[in-house]
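Observations on chain architecture
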Amino acid sequence: MMIGFWFGKGKPEMNHFLSLLPKNFNTFYEDGFEVITNGEKLVVKGLLQCDCSDLPASTSSKSFVGHNGYNGCQICEEPG
Ligand SMILES: [Zn+2]
């Protein structure tokens, strides 16, 4: 789980958050990491299934126009 908070006067540069993720997620998916539990060594692997964020963060991370923009819908391509 990755949690990020941003507070300030402007919007954050989303690449600060996202630039390291693809490499880390690929490593997590392909190689995993070792966990020792009850004396047993396990390799845990995973993948990103969803992104849960508020609407401004969601639009910024996906490089979408805001919800009040001309092509603001993230689901369809209907303008206006
Ligand atoms: Zn729509």
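This section reports on the structure supplied with the text.

Thresholds applied
- Residues numbered from 1 in each chain as written.
- Predicted model: local features only at pLDDT ≥ 70, side-chain atom pairs only at ≥ 80, totals over all residues.
- Helix = DSSP H or I, 4+ residues; strand = E, 2+ residues; numbered from the N terminus.
- Rg over C-alpha atoms; globule rule 2.2 N^0.38 Å.
- Contact = placed C-beta atoms within 7 Å.
- Buried ≥ 20, exposed ≤ 12 C-beta atoms within 10 Å, placed from the backbone.
- Pairing = 2+ DSSP bridges.

So, on to the overall build of the chain. Looking only at helices and strands, one finds 3 helices and 2 strands in the chain. Helices and strands appear in the chain in the N-to-C order α-α-β-β-α. The globule rule puts the C-alpha radius of gyration for 80 residues at 12 Å, and the 17 Å found for the chain is more than 25% above it. Principal-axis analysis of the C-alpha atoms places the extent of the chain at approximately 60 × 30 × 20 Å. For the chain, the proportion of contacts with a sequence separation of at least 24, taken over those separated by at least 6, is 12%.

Among the 5 residues of strand S2 (residues 40–44), 0 are classified as buried, and the element is accordingly described as predominantly exposed. In sequence, strand S1 (residues 33–37) turns back onto S2 through a hairpin of 2 residues, with Asn 38 there showing a positive phi of about 55 degrees.

You will see that Asn 38, though not glycine, has its phi angle at about 55 degrees, which is positive. Relative to the helices and strands, Asn 38 resides in the loop between S1 and S2.

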